[in-house]
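# Structural characterization, general
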Amino acid sequence: MGVRLKIPKNHVRAASLRIRERLVEGEENNVVTKSGLIAHGRGEAFDYLIGEETIPAALFATRAAAAALLLASHPVISVNGNAAALVPGEMVRLSEAVPAPLEVNLFYRSRERELAVRDALVAAGAKRVLGVGRAASARIPELFSERRKVDPRGIYAADVVLVPLEDGDRTMALKKMNKFVITIDLNPLSRTAQTADITIVDNIIRALPNLVAAVDELRSQERSVLKEILESFDNRKNLSNMLIHIRDRLTRLAEEQ
Ligand code: ATP
Ligand code: MG
């Protein structure tokens, strides 16, 4: 067990430090991998550049994502270690709101980690979790070994998949299988962000509650309205707006120095 830091309430970065603590705890419980900790650092760096807030372009993508999930005939929500450590309750709420099953989807898959991630979701209220043990028996073509296992009832059969914090190779493989891919990724330049159909460039901590709220708000809308929301969304344009936001913010900060 590592030494627990006591984080003073008035610390300027208290929220960020608490999130790190959750991941460190997740690593000790087998939910998060060491690479997951490194990936979080990458995300934090981009969050600094964005300003650690949800900007309009991210909210726009969130609404499009909600519409895509509601229009899907077989939507699936993929959960990895970082997502299970950071937002297990919101994952369960989203799964119920759409509704869409949760599937354990790990880059570094082992029996122990599958069970740890499932247990984190069950502890947060999940009644059913796909992709554990023999259930993860289908294969994504073009990926090697444990990285490509998916559940034949879940991601393998899905038309729309939400894959937050996903790796670029795997996102590309899902696209080749003709999946409509929604991701949440703080790095607008990552291969995942660039390959997905909808990229929510926001911290998963802020994006998931917004996505649940958008699904709740849009659920009663006609399909034609949802289709309009989806068709008016252009991921390239939205990523471009994210980069322009970062550029303008950095220009402003540079001029203030
Ligand atoms: P890619 O493989 O897509 O080119 P990568 O190899 O740099 O990207 P991965 O580890 O494969 O990164 O994917 C993790 C992604 O998740 C990174 O782009 C990282 O910025 C992002 N990320 C990490 N933590 C968060 C978070 N809390 N919220 C949103 N995104 C995050
Ligand atoms: Mg990667």
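Refer to the structure printed above.
Read on for a plain summary of the structure. (Residues numbered from 1 in each chain as written. Chains lettered and ligands numbered in written order. Predicted model: local features only at pLDDT ≥ 70, side-chain atom pairs only at ≥ 80, totals over all residues. Heavy atoms only, no water.)

### Overview of the overall build of the chain
A tally of helices and strands in the chain yields eleven helices and eight strands. What you see for the chain is a C-alpha radius of gyration of 18 Å, in line with the 18 Å of a compact globule of 257 residues. Projecting the C-alpha coordinates of the chain onto the three principal axes gives extents of approximately 55 × 50 × 35 Å. Of all intrachain contacts in the chain linking residues separated by at least 6 positions in sequence, the fraction that spans at least 24 positions is 64%. Element-wise, carbon and sulfur atoms account for 54% of the exposed surface of the chain, whose accessible area totals about 12700 Å². Considering the chain, the positive charge centre built from 37 side chains and the negative charge centre built from 33 side chains are found 4 Å apart. (Helix = DSSP H or I, 4+ residues; strand = E, 2+ residues; numbered from the N terminus. Rg over C-alpha atoms; globule rule 2.2 N^0.38 Å. Contact = heavy atoms within 4.5 Å. Areas by Shrake-Rupley, 256 points an atom, 1.4 Å probe, with all protein chains shown as cover. Lys, Arg positive; Asp, Glu negative; His and termini not counted. Charge placed at Lys NZ, Arg CZ, Asp CG, Glu CD.)

### As for the layout of surface pockets
Think of a ball as big as a water molecule: rolled over the atoms, this probe shows where empty space is left. One number sums up the size of the largest pocket: a volume of about 750 Å³. Lining the largest pocket are 34 residues, with Ala39, Arg42, Leu165, Glu166 and Asp167 sitting closest to its centre. Elements that contribute at least two residues to the lining of the largest pocket include exactly helix 2 (34-50), helix 4 (81-86), helix 7 (168-176) and helix 8 (191-195). When grouped by side-chain class, the residues that make up the lining of the largest pocket number eleven nonpolar, 14 polar and nine charged. Every residue lining the second largest pocket is counted, 14 residues in all, and those nearest its centre are Ser16, Ile19, Asp47, Glu52 and Asn203. Elements represented by at least two residues in the lining of the second largest pocket include exactly helix 1 (14-28), helix 2 and helix 9 (204-218). Of the residues belonging to the lining of the second largest pocket, the class tally is six nonpolar, three polar and five charged. (1 Å grid on protein atoms, 1.4 Å probe; cavity = no way out; pocket = protein on both sides within 12 Å on 5 of 7 lines; lining within 4 Å. Points joined across faces, edges and corners; volume = space filled by probe spheres on them. Nonpolar A, V, L, I, M, F, W, Y, C, P; charged D, E, K, R; others polar.)

### Digging into the site of ligand 1
With respect to spatial proximity, 17 residues lie near ligand 1, and among them Arg42, Asp167, Gly168, Asp185 and Ile204 are the closest. Separating an oxygen atom of ligand 1 from a side-chain N or O atom of Arg42 is a distance of 2.7 Å. Contact between ligand 1 and Thr192: an oxygen atom at 3.0 Å from a main-chain N or O atom of the residue. With the chains in place, 87% of the 620 Å² that ligand 1 exposes on its own is no longer accessible. For ligand 1, the cavity whose grid points lie within 2 Å of the majority of its atoms is the largest pocket. Of all the elements in the fold, those that place two or more residues in the shell around ligand 1 are helix 2 and helix 8. With four residues, helix 2 is the single largest residue contributor to the shell around ligand 1. Partitioning the shell around ligand 1 into residue classes produces four nonpolar, seven polar and six charged. (Near = heavy atom within 4 Å. Polar contact = N/O pair within 3.5 Å; in protein donor to acceptor, adjacent residues only side chain to side chain. Sits in = over half its atoms within 2 Å of the grid points.)

### Structural notes on the sheet that holds strand 3 (residues 129-130)
Pairing is parallel across the open sheet formed by six strands, whose spatial order is 3-2-1-6-7-8. One side of each edge strand has no neighbouring strand; the edge strands of this open sheet are strand 3 and strand 8 (198-200). Sheet contacts for helix 3 (residues 56-71): strand 1 (75-79), strand 6 (160-162), strand 7 (180-184) and strand 8; angle to strand 8, the most-contacted strand, approximately 130°. (Pairing = 2+ DSSP bridges. Axes fitted to C-alpha atoms, helices over the stretch in contact; angles between N-to-C directions.)

### Section: the side chain of Arg109
Of note, Arg109 is situated in the loop between strand 2 (102-104) and helix 6 (111-123). Engagement of the side chain of Arg109 in a polar contact is seen with the backbone oxygen of Val104, the distance being 3.1 Å. Reaching out from Arg109, the side chain makes a polar contact with the backbone oxygen of Lys149 at a distance of 3.4 Å.

### Here we look at a nonpolar patch on the surface
A contiguous nonpolar surface patch, about 320 Å² in accessible area, is contributed by Tyr48, Leu49, Leu250 and Leu253. Put simply, the parts of the chain that give the nonpolar patch at least two residues each are helix 2 and helix 11 (235-256). Note on placement: Tyr48 falls in helix 2. Here Tyr48 falls in the partly exposed class, since its relative accessible area comes to 47%. (Patch = residues over 30% accessible without salt bridge, like charges linked within 9 Å, V, L, I, M, F, W, Y side chains within 5 Å. Salt bridge = Lys/Arg side-chain N within 4 Å of Asp/Glu carboxyl O. Buried < 20%, exposed > 50% of the residue type's maximum accessible area, 1.4 Å probe, protein only.)

### Structural notes on the pairing of strand 1
Most of strand 1 sits out of view: five of its five residues are buried. Alternating positions in strand 1 separate into two faces, Pro75, Ile77 and Val79 on one and Val76 and Ser78 on the other, with burial throughout. Direction of pairing for strand 1 relative to strand 6: parallel, over a ladder of three bridges. Bridging across to strand 6, Pro75 finds its partner in Val160.

### So, the pairing of strand 7
Within strand 7, four of the five residues are buried, which leaves the element mostly enclosed by the surrounding structure. As paired strands, strand 7 and strand 8 are joined by three bridges and run parallel to one another. If you follow Ile182 over to strand 8, its bridge partner there is Ile198.

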